[in-house]
Amino acid sequence: MASANFLPSEDQFLCSVCLDVFTDPVTTPCGHNFCKKCINDYWNTNNQNMCPLCQKVFFSRPELLVNTFIREMVSQFRQSTKRKARSSRKQVAKPGEVPCDVCTGTKLKALKSCLVCLASYCETHLEPHLTASRLKRHQLMDPVENLEDRMCLKHDKPLELFCRTDQTCVCMLCTVLDHKMHNVVPLKQECEGKKVELQKTEAETQEMIQKRRLKIQEVQHNVKLSEEDADREKAEGVQVFTGLKESVERKLNELITTIEEKQRSTKKQAEDAIREMEQEISDLMKRSTEVEKLSLSEDHLHLLQSVQSLNIHHPPPTKDWSQVSVPPASHEGTVRRAVSQLEETLSNMMKTLVAEVEMKRVQKFAVDVTLDPETAHHQLILSDDGKQVKHAQVQQPRLPDNPQRFSHGLCVLGTQKFSSEKLYYEVQVKQKSKWALGVVRESVNRKGPITPSPQNGYWTICLINGNEYRANDDPSVVFSLKSGPQKVGVFVDYEEGLVSFYDVEAAALIYSFTGCSFKEKLLPFFGPGRYHDGKNSAPLIISPVGVN
């Protein structure tokens, strides 16, 4: 019959009572099939003639006859299954696989190992352990080598227990002799606890790997920043020295070489750190693989013995990378130092070029600043776009005296707050005889008279009486300029504690506050000065950077 080649699946030959392949299959009047013994035992136990599947009750116990058709199908299924099992299981043991201890000549691959017999068996030689009632009680496990290592050397009994007191595997006799009164538990129970520890170790190892991967990303990012900084400095150096005579080319090459050597040093430092962290990751991943493999083992003895040698509570020695950093190489001032070494005859030209480069450098940190009307003194007029401020010519309606508003000083703050960054903005001061610009701490006192100084949270410069400039430092510094700036650039390096003011059109530094200690957020500060009978009527204008 062709049906022999198209047998149904195993599920269709399973008795729903014993969940095994049918033995003497019978069919109830409701059409369901069971093992003859299973259905009779079921009815005897429940004292009711009811189908276990559809719950149909029979008033009298039906006479059950063996279903010969199903029996034939089950027989064919069993034969087919055995053929498949023989063809798939009877395999010659390969290197690394456990061979059958009973086979003579060609050793077949073992299917199971017996902890009682201390032997491993292929399918054929395993059969007695599956059929003989005496051997069925033996403990079988997946095939392993060196079964004699699972026996107590002193008592020649299986190692079935674990002594927590001495942290070793023991047999039953050990518990009443050498390990009496010790804390002894079954191997399985101890393995469950060790697996929890292994999982914790695995998690810690993965965390260490992840930290090092993040540190590698940080180092690579810093290297990229360093390369960008180096490229920027080289470009600026080229711009400066291109305008010089041919005699300067040698100095230009020296400048580029210095920058590249510093960059190579930074990159080498980063590569060394990355190489060391990658090696630690490799070691940690190897340990992770060992821990994962061990945690999945069902071989209790092997797991416990291996845990001792693996030393899971102490990870391999590694460096604490949290304090290690490879910061981008700083090339600040390299161009200026190179230029200063040139001949006196070129000094004026070089100073001009350097100033232009510096101006472009700080302008790269331009930010969009707008005025905050909530902070403006009530006598000031702000433009609708928040970019202009001036003193009112006529009396203005008094605004609500909120905590942010200045009550005495004719000033206003920017909306933006800055910390841990560089920023730059430009303010037009054309046609003004009095003004004040800079940055202030967010917490400055806004009620009462203003005394601007770094000690009070002000880093500002101002114009007084049309030609006298003052830096409100400790103490204040009064200075004059050859020509008054038409536009002032304000640059802040929060990390370096630097506030610098530039004459934008002349590309010249006006004044710098250095060594500043910024402990909170900074806000831009604007003081347009009084109207002064029209002599100071022009507004302060926040201008787009790079637009004349």
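Treat the numbers as computed from the prediction; the structure is a model and nothing was measured.

Enquirer: For this particular structure, what's the right way to read the side chain of Lys215?
Expert: Positionally, Lys215 belongs in helix 6 (residues 187–242). Residue class for Lys215 comes out buried when judged on its relative accessible area of 9%. Excluding residues that lie within four positions of it along the chain, Lys215 makes contacts with Met277, Trp321, Ser322 and Val324.

Enquirer: Just to check I follow, could you spell out the packing of aromatic side chains for this structure?
Expert: Geometry of an aromatic ring pair is reported as the spacing of the ring centres plus the angle between the planes. Summed over all chains, the structure comprises 12 aromatic pairs. Ring plane angle 50 degrees and centroid distance 5.9 Å describe the contact between Tyr425 and Phe526, whose orientation is recorded as tilted. Of this pair, Tyr425 sits in strand 12 (residues 422–428) while Phe526 sits in strand 20 (residues 522–527), and the two are 101 residues apart along the sequence. For the pair formed by Tyr425 and Phe526, the shared burial category is buried. Considering the side-chain rings of Tyr469 and Phe479, the 6.2 Å spacing of their centres and the 15 degrees angle between planes classify their relative orientation as stacked. With Tyr469 in strand 15 (residues 468–471) and Phe479 in strand 16 (residues 477–479), this residue pair connects regions lying 10 residues apart in the sequence. For Tyr469, a relative accessible area of 7% gives the class buried. Given the relative accessible area of 17%, Phe479 is considered buried. Linked through ring pairs, Trp435, Tyr469, Phe479, Phe501, Tyr511 and Phe513 together constitute an aromatic cluster.

Enquirer: Help me out: how do you make sense of the pairing of strand 15 in this one?
Expert: Both faces of the sheet carry side chains from a regular strand, because those side chains alternate between them. Here strand 15 shows a clear split, with Tyr469 and Ala471 buried on one side and none of Glu468 and Arg470 buried on the other. Note: strand 14 (residues 458–464) against strand 15, 4 bridges, orientation antiparallel. The residue bridging Cys462 from the neighbouring strand is Arg470, located in strand 15. The turn joining strand 14 and strand 15, which pair antiparallel and follow one another in sequence, is formed by 3 residues; a positive phi near 60 degrees is taken by Asn465. By the bridge criterion, 3 bridges tie strand 15 to strand 16 in an arrangement that is antiparallel. Bridging across to strand 16, Ala471 finds its partner in Val477. Where strand 15 folds back on strand 16, the antiparallel hairpin that results is connected by 5 residues.

Enquirer: What am I meant to see in helix 1 (residues 36–46) here?
Expert: Since the α-helix turns once every 3.6 residues, residues separated by three or four places project in the same direction. Among the residues of helix 1, those classed as buried are Cys38, Ile39 and Trp43. End-on, the buried residues of helix 1 take up no more than an arc of 130 degrees, which puts them together on one face. Exposed residues on helix 1 whose side chains face more than 90 degrees from its buried face are Lys37 and Thr45. Lining the buried residues of helix 1 we find strand 1 (25–27) and strand 2 (33–35). One or two residues past the end of helix 1 sits Asn47, with phi positive at roughly 55 degrees.

Enquirer: Even after reading the chapter, I still don't get the pattern of salt bridges, so can you show me in this structure?
Expert: Close approach of charged atoms allows side chains of opposite charge to pair. The final tally for this structure, using the stated rule, is 24 salt bridges. The closest approach of N and O atoms between Glu227 and Lys267, which form a salt bridge, is 3.6 Å. Within this pair, whereas Glu227 is found in helix 6, its partner Lys267 is found in helix 7 (residues 249–295), the two being separated by 40 residues in sequence. Salt bridges sharing partners connect three or more residues here, namely Arg164, Glu190, Lys194 and Glu197.

Enquirer: What exactly am I supposed to notice about the nonpolar core here?
Expert: In a soluble, globular protein the nonpolar side chains are often hidden away together inside. Counting 36 residues, the largest nonpolar core has Trp435, Phe513 and Phe526 as its most contacted members. Contacts of Trp435, omitting those with residues within four sequence positions, involve Val429, Ile461, Cys462, Leu463, Tyr469, Val488, Gly527, Pro528 and Leu540. Counting residues in each nonpolar core, the second largest holds 20 residues, with Leu161, Leu294, Leu301 and Leu303 among its members.

Enquirer: I keep staring at the pairing of strand 14 and nothing clicks. Help me out?
Expert: The buried count for strand 14 comes to 7 of 7 residues, which makes it a mostly enclosed element. Side chains Tyr458, Thr460, Cys462 and Ile464 of strand 14 all project onto a buried face; the interleaved residues Trp459, Ile461 and Leu463 project onto the opposite face, where all are buried too. With 6 bridges joining them, strand 13 (residues 435–441) and strand 14 adopt antiparallel strand pairing. Bridge pairing in strand 14 links Val439 to Trp459.

Enquirer: Is there a simple way to explain the sheet that holds strand 11 (residues 412–413) in this structure?
Expert: Note: strands within a sheet are paired through backbone hydrogen bonds, in either parallel or antiparallel orientation. The sheet built from 6 strands is open, its strands ordered 11-20-13-14-15-16 with antiparallel pairing. Among the strands making up the open sheet, the edge pair consists of strand 11 and strand 16. Of the strand pairs in this sheet, strand 13 and strand 20 are connected by 6 bridges, and their pairing is antiparallel. The residue bridging Val440 from the neighbouring strand is Leu523, located in strand 20.

Enquirer: What exactly am I supposed to notice about the environment of Asn49 here?
Expert: Within the secondary structure layout, Asn49 lies in the loop between helix 1 and helix 2 (68–89). With sequence-adjacent residues up to four places away left out, Asn49 is seen in contact with Trp43, Lys56, Val57, Phe58, Phe59, Ser60 and Arg61. Here Arg61 takes part through its side chain, which lies 3.5 Å from a polar atom of the side chain of Asn49.

Enquirer: Honestly, the packing of helix 6 against helix 7 in this entry has me stumped. Any pointers?
Expert: A pair of packed helices is characterised by two quantities: the angle between their axes and the separation of those axes. One can describe the packing of helix 6 onto helix 7 by two numbers: an axis separation of 9 Å at closest approach and a directional angle of 170 degrees. Considering their axes alone, helix 6 and helix 7 lie roughly antiparallel with respect to each other. Class assignment of the residues belonging to the contact of helix 6 with helix 7 gives a composition of 21 nonpolar, 10 polar and 14 charged.

Enquirer: Sorry, what's going on with the confidence of the model for the protein chain here?
Expert: It should be kept in mind that the predicted coordinates are not to be read in detail where pLDDT is low. With 92% of its residues at a pLDDT of 70 or more, the protein chain has an overall mean of 85. Below pLDDT 50 for its whole length, residues 1–6 participates in 1 contact with residues either more than four positions away or in separate chains.

Enquirer: Hey, could you run me through helix 3 (residues 123–131) in this one?
Expert: Considered for burial, the residues of helix 3 that qualify are Glu123, Leu126 and His129. For helix 3, the angular spread of buried residues about the axis comes to 95 degrees, placing them on one side.

Enquirer: Explain the environment of Glu280 here, please?
Expert: Looking at where Glu280 falls in the secondary structure, it is placed in helix 7. For the pair Glu280 and Leu294, spaced 14 residues apart in sequence, the C-alpha separation works out to 21 Å. Residue contacts for Glu280: discarding those within four places in its chain leaves Arg212, Thr318, Lys319 and Trp321.

Enquirer: Explain the sheet that holds strand 9 (residues 380–382) to me, please; I cannot follow it from the model alone.
Expert: Taken together, the 7 strands give an open sheet; going across it, the order is 9-10-21-12-17-18-19, and neighbouring strands pair in antiparallel fashion. Of all the strands in the sheet, just strand 9 and strand 19 (508–513) have a single pairing partner and so form its edges. Strand-to-strand twist across the sheet, computed as the mean angle between neighbouring axes with direction ignored, equals 20 degrees.

Basis of the calculations
- Residues numbered from 1 in each chain as written.
- Predicted model: local features only at pLDDT ≥ 70, side-chain atom pairs only at ≥ 80, totals over all residues.
- Heavy atoms only, no water.
- Helix = DSSP H or I, 4+ residues; strand = E, 2+ residues; numbered from the N terminus.
- Buried < 20%, exposed > 50% of the residue type's maximum accessible area, 1.4 Å probe, protein only.
- Contact = heavy atoms within 4.5 Å.
- Phe/Tyr/Trp six-rings, centres within 6.5 Å; stacked < 30°, edge-to-face > 60°.
- Pairing = 2+ DSSP bridges.
- Arc of directions from axis to C-beta.
- Salt bridge = Lys/Arg side-chain N within 4 Å of Asp/Glu carboxyl O.
- Core = buried A, V, L, I, M, F, W, Y, C linked by side-chain atoms within 4.5 Å.
- Polar contact = N/O pair within 3.5 Å; in protein donor to acceptor, adjacent residues only side chain to side chain.
- Axes fitted to C-alpha atoms, helices over the stretch in contact; angles between N-to-C directions.
- Parallel < 35°, antiparallel > 145°, perpendicular 65-115°, else oblique.
- Nonpolar A, V, L, I, M, F, W, Y, C, P; charged D, E, K, R; others polar.
- pLDDT = per-residue confidence, 0-100.

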